[in-house]
Amino acid sequence: MLESCQNAQERWGGLHQVIDRWLQERHQLVLLFGKLTAVQHAPAANANDLKGFCELLVDYVSAGHFEIYQQLLQEARSFDDQRGLELARRIYPRIEAITQVALSFNDHCDNGDCRESKSLHAELEQLGELLQERFELEDCMIEVLHNAHQQEALPQA
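Quick notes on the rules
- Along each chain, residue indices are assigned from 1 in the same order as the chain's sequence is written.
- With the structure being a predicted model, the display of local features is reserved for residues of pLDDT at least 70 and the display and counting of side-chain atom pairs for 80 or more, all residues being used for whole-chain, interface and lining totals.
- Calculated side-chain values reflect all of the structure's heavy atoms, with hydrogen atoms and water omitted.
- Salt bridges are identified by distance alone: a Lys or Arg side-chain nitrogen within 4 Å of an Asp or Glu carboxyl oxygen.
- Each helix corresponds to a stretch of at least 4 residues labelled H or I by DSSP, and each strand to a stretch of at least 2 residues labelled E; elements are numbered beginning at the N terminus.
- Only buried residues count toward a nonpolar core, which is a set of Ala, Val, Leu, Ile, Met, Phe, Trp, Tyr and Cys residues joined through side-chain atoms within 4.5 Å.
- When a residue's accessible area, from a 1.4 Å probe over protein chains only, is under 20% of the maximum for its type it is buried; when over 50% it is exposed; and in between it is partly exposed.
- In this analysis, two residues are considered to be in contact whenever any of their non-hydrogen atoms come within 4.5 Å of each other.
- Disulfides are defined in this document as cysteine sulfur pairs within 2.5 Å.
- Multiplying one less than the number of residues by 1.5 Å gives the expected span of a helix.
- Fitting axes to the seven residues ending at a residue and to the seven starting there, one defines the bend at that residue as the angle between these axes.
- Only Phe, Tyr and Trp rings are paired, with Trp represented by its six-membered ring, and only when their centres lie within 6.5 Å; those with planes under 30 degrees apart are stacked, over 60 edge-to-face, the remainder tilted.
- For a Lys NZ or an Arg CZ to count as sitting over a ring, it must be within 6 Å of the ring centre and within 35 degrees of the ring normal.
- A cavity here means a set of 1 Å grid points, computed over protein atoms only, where a 1.4 Å probe fits but cannot escape. A pocket is an open set with protein on both sides within 12 Å along at least 5 of 7 lines, and lining residues have an atom within 4 Å of a point.
- Grid points are joined across faces, edges and corners, and a volume is the space filled by probe spheres set on the points.
- In this classification, Asp, Glu, Lys and Arg are treated as charged, Ala, Val, Leu, Ile, Met, Phe, Trp, Tyr, Cys and Pro as nonpolar, and every other residue, Gly included, as polar.

## Brief notes about the pattern of salt bridges
No. 1: Overall, the coordinates contain 8 salt bridges when judged by the stated rule.
No. 2: Here Glu-67 ties to Arg-21 by a salt bridge, and the two come within 2.7 Å at their closest N and O atoms. On the criterion of sequence distance, the pair formed by Glu-67 in helix H3 (residues 47-78) and Arg-21 in helix H2 (residues 17-38) is long-range, its members being 46 residues apart.
No. 3: Residues Glu-138 and Arg-26 are paired through a salt bridge, measuring 3.0 Å at the closest nitrogen-oxygen approach. On the criterion of sequence distance, the pair formed by Glu-138 in helix H6 (residues 120-153) and Arg-26 in helix H2 is long-range, its members being 112 residues apart.

Written out as structure tokens, the structure is:
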């Protein structure tokens, strides 16, 4: 997951400040996730890490929905990028479903339930798989938009 996060930063870093900040948040999220899963057998020892992870998780998914996706859709519309708009229409429901799982995980932890949960490792494992899928879908959206903008910027022969 960390490698794909770094690849996204390398591929699209500098494309847009909001996206850069978001990809940096993703990187931090992945690092915290790795830290949590590395110490999964000592949940009491990582309560602060878990809290920090949940806060960053909510920030990340919120920024995706309220900033990044809106920005990408606005840019796709301004470039009349039908491919990008169609892709967003197809994958957004899956991203939304993953968001709901992430928010449920956060709510579960806010209640203090996950610190006492014997299934924290399994919950983190499931969340990690879904986050990896989400990152791939987001990267696909960014790539389609980025390529459309590059083609628009090329001089016509």
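Having seen the model, we can carry on.
## Quick word on the nonpolar core
No. 1: Leu-29, Leu-50, Phe-53, Leu-57 and Phe-105 are the most contacted members of the largest nonpolar core, which has 36 residues in total.
No. 2: At 12 residues, the largest contribution of residues to this core is made by H3.
No. 3: Residues in contact with Leu-57, not counting those within four places in the same chain, are Leu-29, Ala-102, Phe-105, Leu-127 and Leu-131.

## Looking at the state of the cysteines
No. 1: With the rule as written, the count across this model stands at 0 disulfides.
No. 2: With no disulfide of its own, Cys-54 has Cys-109 as its nearest cysteine by sulfur position, at a separation of 3.9 Å.

## Examining H3
No. 1: With 32 residues, H3 extends 45 Å from end C-alpha to end C-alpha; this agrees with the ideal 46 Å at 1.5 Å per step.
No. 2: Bending of H3 peaks at approximately 45° at the position of Gly-64.
No. 3: Positive backbone phi, approximately 50°, marks Asp-80, located one or two places after H3.

## Brief notes about the packing of aromatic side chains
No. 1: Counting across every chain of the model gives 6 aromatic pairs.
No. 2: Summarising the aromatic geometry, the rings of Trp-22 and Tyr-69 are spaced 6.1 Å apart at their centres and angled 90° between planes, so their arrangement reads as edge-to-face. A residue pair is termed long-range when its members are at least 10 positions apart, and Trp-22 in helix H2 and Tyr-69 in helix H3 qualify at 47 residues. Each member of the pair Trp-22 and Tyr-69 is classed as buried.
No. 3: An aromatic cluster of at least three residues, connected via ring pairs, comprises Trp-22, Tyr-60, Tyr-69, Tyr-92 and Phe-135.
No. 4: Directly above the ring of Trp-22 sits Arg-26, whose terminal nitrogen or CZ lies 5.8 Å from the centroid.

## Observations regarding empty space enclosed by the protein
No. 1: In total, this model carries 1 cavity of 30 Å³ or more according to the counting rule given.
No. 2: Taken as a whole, the largest cavity spans an internal volume of roughly 70 Å³.
No. 3: Forming the walls of the largest cavity are Leu-72, Leu-73, Ala-76, Asp-81, Gly-84, Ala-88, Met-141 and Leu-145.
No. 4: Examining the composition of the lining of the largest cavity, we find that 3 residues originate from one element, H3, more than from any other.
No. 5: Partitioned by chemical class, the residues of the lining of the largest cavity number 6 nonpolar, 1 polar and 1 charged.

Nothing here speaks to function; it is all geometry.
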